[in-house]
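Listed below, chain by chain, are the residues.
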Amino acid sequence: MARIGFTEERVGTPEGVKLQLQGDEVTVSGKLGSLQRRFPHPRVSLSLTGADLVIRSELPGRREKAVVGTFAAHVRNMIQGVTAGFTYRMKIVYAHFPMKASVKGAEFVIENFLGERSPRRTRIVGETKVVVQGDQVVLTGSNVEDVGQTAANIERATKIRGFDPRVFQDGIYITSKGEEA
């Protein structure tokens, strides 16, 4: 019995990027380091054809097409991460109490937020580098998920509860996200 359709997507590797495949684990190496990730799925297969990674599902359907597209997007993000990296920019905003932000080890520390005595702390995920420059916070890294999660953790740490958000707009907010400039 012949199958009617399949879904396939190819991800090409640019110059200077090395792609390795062991089972369902993909390793991408470039000038900014190496990233690896598992892609386990019973109906999706991965294979290397020359310098291209082929992601294929033998079954037709919307769900399989979505999974194949998601896997391809993850691999493209890994390739972009090891070649150019990712940068998120955040802005420190305060109107009532001057806030002080700093990096201490693997933690981001916010002091004097709304005049609070105890500092608020949040963790820095993975190999993300965080730099505070005046009222700007710059996050850089090769893994887009780690950089994005760190930015979300910082934004969530300054969430205001019990005050009118129209009046108290203090916090640290994401202003831009994207690849290294």
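A short tour of the structure in this document, coming up. Because the structure is predicted, anything quoted here is derived from the model rather than measured. (Residues numbered from 1 in each chain as written. Predicted model: local features only at pLDDT ≥ 70, side-chain atom pairs only at ≥ 80, totals over all residues. Heavy atoms only, no water.)

## Some words on helix 2 (residues 144-157)
Line of reasoning, step 1. Taking 1.5 Å as the rise per residue, helix 2 with 14 residues should run 20 Å; its terminal C-alpha atoms sit 20 Å apart, in good agreement.
Line of reasoning, step 2. Those residues of helix 2 that fall on the buried side of the exposure criterion are Asp146, Val147, Gly148, Thr150, Ala151, Asn153, Ile154 and Ala157.
Line of reasoning, step 3. Taking the backbone nitrogen of Glu145 as reference, a side-chain oxygen 3.1 Å away marks Asn143 as the first, capping residue of helix 2. (Helix = DSSP H or I, 4+ residues; strand = E, 2+ residues; numbered from the N terminus. Expected span 1.5 Å × (residues − 1). Buried < 20%, exposed > 50% of the residue type's maximum accessible area, 1.4 Å probe, protein only. Polar contact = N/O pair within 3.5 Å; in protein donor to acceptor, adjacent residues only side chain to side chain.)

## Considering the sheet that holds strand 3 (residues 25-30)
Line of reasoning, step 1. Pairing in this open sheet of three strands is antiparallel, and the strands run 2-3-4 from one edge to the other. This sheet does not close on itself; its edge strands, each paired only once, are strand 2 (18-22) and strand 4 (33-38). Taken over all neighbouring pairs, the strand axes of this sheet differ in orientation by 15 degrees on average, direction set aside.
Line of reasoning, step 2. Pairing between strand 2 and strand 3: five bridges, direction antiparallel. Pairing of Gln20 across the sheet is with Thr27, part of strand 3. (Pairing = 2+ DSSP bridges. Axes fitted to C-alpha atoms, helices over the stretch in contact; angles between N-to-C directions.)

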